[in-house]
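Descriptive structure summary
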Amino acid sequence: MSPEACAAYACYAAIDDVRASIAGSASGVELISCGFGEDVTIATEVDACATVPVLTDGVFIGDATLGGS
């Protein structure tokens, strides 16, 4: 992993309730107050989807082949 990925992982691993931490952040509070609370919940799900968005020629395309078999 890159140093940035290691730092992000260390922060993630140190938080007991990631959803509550994100929801309590300035951006989380703003999103929730604008009616996007479910988006905050979805954004903090772990292993919820096998597809990864990949930027290809300026467009995000779902790619289920990454990270797997």
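Residues numbered from 1 in each chain as written. Predicted model: local features only at pLDDT ≥ 70, side-chain atom pairs only at ≥ 80, totals over all residues. Heavy atoms only, no water.

**Structural notes on the overall build of the protein**
Helix and strand counts for the protein stand at four helices and two strands. Of the regular secondary structure in the protein, the N- to C-terminal order runs α-α-α-α-β-β. Over its C-alpha atoms the protein spans a radius of gyration of 15 Å, topping by over 25% the 11 Å that the globule rule assigns to 69 residues. By its C-alpha atoms, the protein is 35 × 30 × 20 Å across when sized along the principal axes. Counting across all 69 residues of the protein, residues that qualify as buried make up 9%. In the protein, 9% of the contacts between residues at least 6 apart in sequence involve partners at least 24 apart. Total accessible area on the protein stands at roughly 5400 Å², and carbon and sulfur atoms take up 62% of it. (Helix = DSSP H or I, 4+ residues; strand = E, 2+ residues; numbered from the N terminus. Rg over C-alpha atoms; globule rule 2.2 N^0.38 Å. Buried < 20%, exposed > 50% of the residue type's maximum accessible area, 1.4 Å probe, protein only. Contact = heavy atoms within 4.5 Å. Areas by Shrake-Rupley, 256 points an atom, 1.4 Å probe, with all protein chains shown as cover.)

**What about unusual backbone geometry?**
Backbone geometry places Asp 47, a non-glycine residue, at a positive phi of 55°. Although it is not a glycine, Asp 57 sits at a positive phi angle of roughly 55°. Relative to the helices and strands, Asp 57 is located in the loop between β1 (52-56) and β2 (59-63). What makes Asp 57 exposed here is its relative accessible area of 80%.

**Things to note about the pairing of β2**
Where β1 and β2 come together, five bridges link them in antiparallel fashion. Paired with Val 52 across the bridge in β2 is Asp 63. (Pairing = 2+ DSSP bridges.)

**Points about the side chain of Thr 44**
Following the sequence through the fold, Thr 44 ends up in the loop between α4 (37-43) and β1. Residue Thr 44 is classed as buried on the basis of its relative accessible area, which comes to 18%. In this structure the side chain of Thr 44 is engaged in a polar contact, spanning 3.2 Å, whose partner is the backbone oxygen of Val 40. For Thr 44, the contacting residues outside a window of four places in its chain are Val 18, Arg 19 and Ile 22. (Polar contact = N/O pair within 3.5 Å; in protein donor to acceptor, adjacent residues only side chain to side chain.)

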